[in-house]
Amino acid sequence: MTREQSLEEFQNKIDYTFIDPDLIDIALTHSSYANEHKDKQVKDNERLEFLGDAILDLIVSEYLFKKYPSLQEGDLSKLRASIVCEASLAETGKDLGIGDYILLGKGEEMNGGKTRLSIVADAFEAITGAMFIDGNFDEVRKFLTNTLIASVKDIAAEDLYSDYKTILQIEVQKGSSNVPVYNVIDATGPDHDKVFVVEVVQDGKVIGKGKGKSKREAEQNAAHVALKVIGEDIHVFR
């Protein structure tokens, strides 16, 4: 299958035909591929990704604003973060088979780049940006409504925000490239009834501690405490 045929197949999948096919080609071109083909002046998708990120925020914000008329700004922001996070975008991209159409450098492809969450999520953002330039806002809204938003529209707000570790990572990475680190600092009781104490550390600072009957439970409780400390407690949904 030629590149042209491949892109045509993908456009059929997303139910949108680009007026300028170069845009979807660029949206599905990773920087590693562009770097290997500098002599051909190949463009990568990073600029379109930047634009798509902003458009995603706007359209998802509009959707949440209308769906939850009683929620305040802080709560809406948390819900939006859960929808436009890397994992959610990558899952939607995986459903569309985006990895099958991305051009990658040889090294990146050999290392499993076509299934890497960050690469698929970034490409989804780039496709959104490309569609916005090629068409109009209503067409992008339709695309996101039928893909990303459709995957969460029937999920209750409290279920979107039940994993405190994921939420904490989303929040702290807005201001830092480092991920939270969880350390078991104590474990008491017999083997069949242990109680674990875990601290969560961000950029060298302890931001929360929690207890639990398992390490996983203690980590979740530590993350919940940390969210309260940084003013992002999502318990309001429960």
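Residues numbered from 1 in each chain as written. Predicted model: local features only at pLDDT ≥ 70, side-chain atom pairs only at ≥ 80, totals over all residues. Heavy atoms only, no water.

**Description of the packing of aromatic side chains**
The relation between two aromatic rings is expressed through the spacing of the ring centres and the mutual angle of the planes. Across all of its chains, the model carries 3 aromatic pairs by this definition. When the centroid spacing of 5.1 Å and the interplanar angle of 50 degrees are considered together, the rings of Phe10 and Tyr101 count as tilted. Of this pair, Phe10 sits in helix α1 (residues 3-14) while Tyr101 is found in the loop between α6 (86-95) and α7 (106-110), placing the two residues 91 residues apart along the sequence. Exposure class is identical for Phe10 and Tyr101. Each is buried. Its guanidinium or amino end placed over the ring of Tyr182, Lys165 lies 4.7 Å from that ring's centre, counting from NZ or CZ. (Phe/Tyr/Trp six-rings, centres within 6.5 Å; stacked < 30°, edge-to-face > 60°. Helix = DSSP H or I, 4+ residues; strand = E, 2+ residues; numbered from the N terminus. Buried < 20%, exposed > 50% of the residue type's maximum accessible area, 1.4 Å probe, protein only. Lys NZ or Arg CZ within 6 Å of the ring centre and 35° of its normal.)

**Observations regarding the pattern of salt bridges**
Counted under the stated rule, the structure contains 8 salt bridges. Residue Glu62 is joined to Lys66 by a salt bridge in which the shortest nitrogen-to-oxygen separation is 3.6 Å. With Glu62 and Lys66 both in helix α4 (residues 46-67), this residue pair falls 4 residues apart, about one helical turn. Classification of Lys66 by relative accessible area gives exposed; the value is 61%. With a shortest N-O distance of 2.8 Å, Lys165 and Glu219 are connected by a salt bridge. With Lys165 in helix α11 (residues 164-172) and Glu219 in helix α12 (residues 215-229), this pair connects stretches of sequence that are 54 residues apart. (Salt bridge = Lys/Arg side-chain N within 4 Å of Asp/Glu carboxyl O.)

**Observations regarding the sheet that holds strand β1 (residues 181-188)**
Strand pairing in a sheet takes place through backbone hydrogen bonds and is either antiparallel or parallel in direction. Read from one edge to the other, the open sheet built from 3 strands follows the order β1-β2-β3, with strand pairing classed as antiparallel. The open sheet is flanked by β1 and β3 (205-212), the only strands paired with a single partner. Pairs of neighbouring strands in the sheet enclose a mean axial angle of 20 degrees, with direction left out of account. Its contacts with the sheet place α12 against β1, β2 (195-202) and β3, and it is angled at close to 135 degrees to β3. (Pairing = 2+ DSSP bridges. Axes fitted to C-alpha atoms, helices over the stretch in contact; angles between N-to-C directions. Contact = heavy atoms within 4.5 Å.)

**A few points about α1**
Over its 12 residues, α1 extends 17 Å from the first C-alpha to the last, a length consistent with the 16 Å expected when each residue adds 1.5 Å. Every buried residue belonging to α1 is among Ser6, Leu7, Phe10, Gln11 and Ile14, and all of these are buried. For α1, the angular spread of buried residues about the axis comes to 140 degrees, placing them on one side. In α1, those exposed residues whose orientation departs by more than 90 degrees from the buried face are Glu4 and Asn12. The secondary structure elements touched by the buried residues of α1 are α2 (21-27), α8 (117-134) and α9 (137-146). Phi turns positive, to about 60 degrees, at Asp15, one or two residues after α1. (Expected span 1.5 Å × (residues − 1). Arc of directions from axis to C-beta.)

**Examining the nonpolar core**
Grouped together as the largest cluster of nonpolar side chains are 43 residues, with contacts concentrated most on Phe10, Leu28, Ile98 and Phe124. It is α8 that provides the largest number of residues to this core, a total of 9 residues. Beyond its immediate chain neighbours, meaning those up to four positions away, Leu28 contacts Arg3, Leu7, Phe10, Ile98, Tyr101, Ile102, Leu103 and Ile127. Core analysis: the second largest hydrophobic core is formed by 14 residues, Tyr164, Leu168, Val172 and Ala226 among them. (Core = buried A, V, L, I, M, F, W, Y, C linked by side-chain atoms within 4.5 Å.)

**Observations regarding unusual backbone geometry**
Unlike most non-glycine residues, Asp15 shows phi in positive territory, near 60 degrees. Along the chain, the position of Asp15 falls in the loop between α1 and α2.

**Quick word on the confidence of the model for the chain**
The predicted model of the chain has a mean per-residue pLDDT of 88, with 93% of residues at 70 or higher. Mean pLDDT in the chain bottoms out at helix α10 (residues 157-160), which sits at 65, and peaks at α2, which reaches 97. Predicted confidence for residues 232-238 stays below pLDDT 50, and this span has 24 contacts to residues more than four positions away or in other chains. (pLDDT = per-residue confidence, 0-100.)

**Section: the pairing of β1**
Of the pairings in the sheet, the one linking β1 to β2 comprises 7 bridges and is antiparallel in character. When the bridges of β2 are listed, Tyr182 appears paired with Val200. Counting the residues in the hairpin turn of β1 and β2 gives 6 residues, including Gly189, whose phi is positive at 95 degrees.

**Observations concerning the packing of α4 against helix α5 (residues 73-83)**
Close contact between α4 and α5 brings their axes to 10 Å; oriented N to C, the two are set at 130 degrees. Relative to α5, the element α4 is oriented oblique. Of the two possible hands of crossing, α4 and α5 adopt the one that is right-handed. Here Asp57, Val60, Ser61, Leu64 and Phe65 of α4 lie close against α5, whose contacting residues are Leu76, Leu79, Arg80 and Ile83. (Parallel < 35°, antiparallel > 145°, perpendicular 65-115°, else oblique. Left-handed = near helix turned anticlockwise from the far one by under 90°.)

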